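Descriptive structure summary
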Amino acid sequence: MADLRSDFIGIKSPNPFWLASAPPTDKEYNVRRAFQAGWGGVVWKTLGSEGPPVVNVNGPRYGVVHGPDRRVLGINNIELITDRPLEVNLREIKQVKRDYPDRALVISLMVPCDEESWRDILKQIEDTGADGVELNFGCPHGMSERGMGSAVGQVPEYIEMVTRWVKQYSRMPCIVKLTPNIADIRKPAEAAKRGGADAVSLINTINSITSVDLDLFAPQPTIDGKGAHGGYCGPAVKPIALNMVAEIARNSETHGLPISGIGGVTTWRDAAEFMALGAGNVQVCTAAMTYGFKVVQEMISGLRDYLDSHDMALSDLVGRAVPNVTDWQYLNLNYVTKAVIDQEACIKCGRCYAACEDTSHQAIAMKPGRVFEVIEEECVACNLCLDVCPVEDCITMRELAPGELDRRTGIKRGDYANWTTHPNNPMAKAAE
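Residues numbered from 1 in each chain as written. Predicted model: local features only at pLDDT ≥ 70, side-chain atom pairs only at ≥ 80, totals over all residues. Heavy atoms only, no water.

By the naming in an unreviewed UniProt entry, the protein chain goes by dihydrouracil dehydrogenase (NAD(+)) and is assigned to Paracoccus alkanivorans. Of the comments in the UniProt record for the protein chain, the one headed Function (unreviewed entry) reads "Involved in pyrimidine base degradation. Catalyzes physiologically the reduction of uracil to 5,6-dihydrouracil (DHU) by using NADH as a specific cosubstrate. It also catalyzes the reverse reaction and the reduction of thymine to 5,6-dihydrothymine (DHT)." UniProt, in its Subunit (unreviewed entry) section for the protein chain, records the words "Heterotetramer of 2 PreA and 2 PreT subunits." (UniProt positions renumbered as here; feature names shortened; annotations may be inferred.)

In structure tokens form, the structure reads like this:
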């Protein structure tokens, strides 16, 4: 049976599944229940400076995007960092870590962007026994307007500066949590590395308005007739998160920098995808808020079964897909496939035909009796038909063999060739 024990930047946990800094990790009661359910670690909800606690809104804090079946696809939140006193949080963290020494417990931090504030809070958390700190440079609302959160995360120089302070004044491993609300995720990751970060975590929430109340004409969630942008998370952000994780993992300046993957992890498969793209572990929030803490049990059993079926260790999975992530210009332009419809599996719904006929390449014919067949002479292999088909494996993509004639172009499939050498590429001609 696969060993799921994790050692992430020296922080050990029984499995690679951590709860992200968020409402589920706001207090001792929650964290104890999480550990009892099987979570390998938690990142405690973000702590702020000593003094008057942050004030959160007392009305609705979440907006939601549902799928047709009411499944939660994404959650927008306008909640800020913890509104509980610092000393209460620190006392609870110390007690929980004492009672669960084998679980990872990392403290998320966000204080004003000055050296004294960071030095002071680091002094206060040193004796909690926590395993590390995560610098919240990602929160896009509320705190960013005060010069914290993503206001820091969008300026690489600030990231490097604050990270250096943290490494100077703390013995604990330091994870820098990055904001996705930026043009190039590699730049803040490079800054974190220059500052001495032991790892980065990403992505934090995406700046968003999920919906508008068309009676009140205000964004939701609505507070006394007004709404504000918030942070978007959940399954809908996973593709964005995967891309950003991969960008850091394959960037020469940050290659080898440990990554904690965040963003829409709902199943073991999601976690495996993040890890294959370079994440050493994953953090989860929305799935726990939607299904409860015991959702981790499916993640644990599913990942273990997957590793067993592939005779793979957990460490073998991390980064396995990174060499296969490339830029468009290096894709093989001589790789050709064609759609194939399994007539026995087809339920004659016609979705493939409608999609291809109206919005694609008119490469599917509807024959008498609602029999749908691919017209190879027109098929460009976009695979839209496969994507809209409601029957799994009813439509597949057949690869043309080397030398086989592509009936659409009249050209036999050739050897590997990409855009950098293509005759239509003006840059390729200039290089000759």
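**Focus: the packing of helix α5 (residues 156-169) against helix α6 (residues 186-194)**
At a closest axis distance of 8 Å, the pairing of α5 and α6 adopts a crossing angle of 25 degrees. In terms of orientation, α5 and α6 fall into the roughly parallel class. Helix-helix and strand crossings are classified by hand; for α5 and α6 the assignment is right-handed. Only K187, P188, A191, A192 and R194 of α6 make contact with α5, whose side of the interface consists of P156, I159, E160, T163 and R164. For the contact of α5 with α6, the residue count by class is five nonpolar, one polar and four charged. (Axes fitted to C-alpha atoms, helices over the stretch in contact; angles between N-to-C directions. Helix = DSSP H or I, 4+ residues; strand = E, 2+ residues; numbered from the N terminus. Parallel < 35°, antiparallel > 145°, perpendicular 65-115°, else oblique. Left-handed = near helix turned anticlockwise from the far one by under 90°. Contact = heavy atoms within 4.5 Å. Nonpolar A, V, L, I, M, F, W, Y, C, P; charged D, E, K, R; others polar.)

**Side note on the side chain of S201**
Topologically, S201 is positioned in strand β10 (residues 199-202). The contacts of S201, once residues within four sequence positions are left out, are E134, I175, V176, K177, L178, S260, I262 and Q283.

**Comments concerning the domain arrangement of the protein chain**
Annotation of the protein chain at the domain level lists domain 1 (6-324) and domain 2 (328-413). Relative placement of domain 1 and domain 2: their C-alpha centres are 41 Å apart. (Domains from an automatic or database assignment.)

**Some words on the side chain of S260**
The topology assignment puts S260 in strand β15 (residues 259-262). Within polar-contact distance, the side chain of S260 engages the side chain of N281 at 2.6 Å. Apart from residues no more than four positions distant in its own chain, S260 is found in contact with F8, V200, S201, L202, N281 and Q283. (Polar contact = N/O pair within 3.5 Å; in protein donor to acceptor, adjacent residues only side chain to side chain.)

**Considering the sheet that holds strand β11 (residues 206-208)**
The four strands are arranged β5-β6-β14-β11 in an open sheet whose pairing can be described as antiparallel. The open sheet has two free edges, formed respectively by β5 (62-66) and β11, since each of these has just one partner strand. The mean angle between the axes of side-by-side strands here comes to 35 degrees, regardless of whether they run parallel or antiparallel. (Pairing = 2+ DSSP bridges.)

**Points about the pattern of salt bridges**
This model, assessed by the stated rule, comprises 26 salt bridges. One salt bridge in this structure joins E28 and R32, with 2.8 Å as the shortest N-O distance. Highlighted residues: E28 and R32, both in helix α1 (residues 28-37), separated by four residues, approximately one helical turn. R250 is paired through a salt bridge with D327; the nearest N and O atoms lie 2.7 Å apart. Note that R250 is positioned in helix α7 (residues 238-250) and D327 in the loop between α11 (314-317) and β17 (337-341), a separation of 77 residues in sequence. Relative accessible area serves as the criterion here: at 29%, R250 is assigned to the partly exposed category. (Salt bridge = Lys/Arg side-chain N within 4 Å of Asp/Glu carboxyl O. Buried < 20%, exposed > 50% of the residue type's maximum accessible area, 1.4 Å probe, protein only.)

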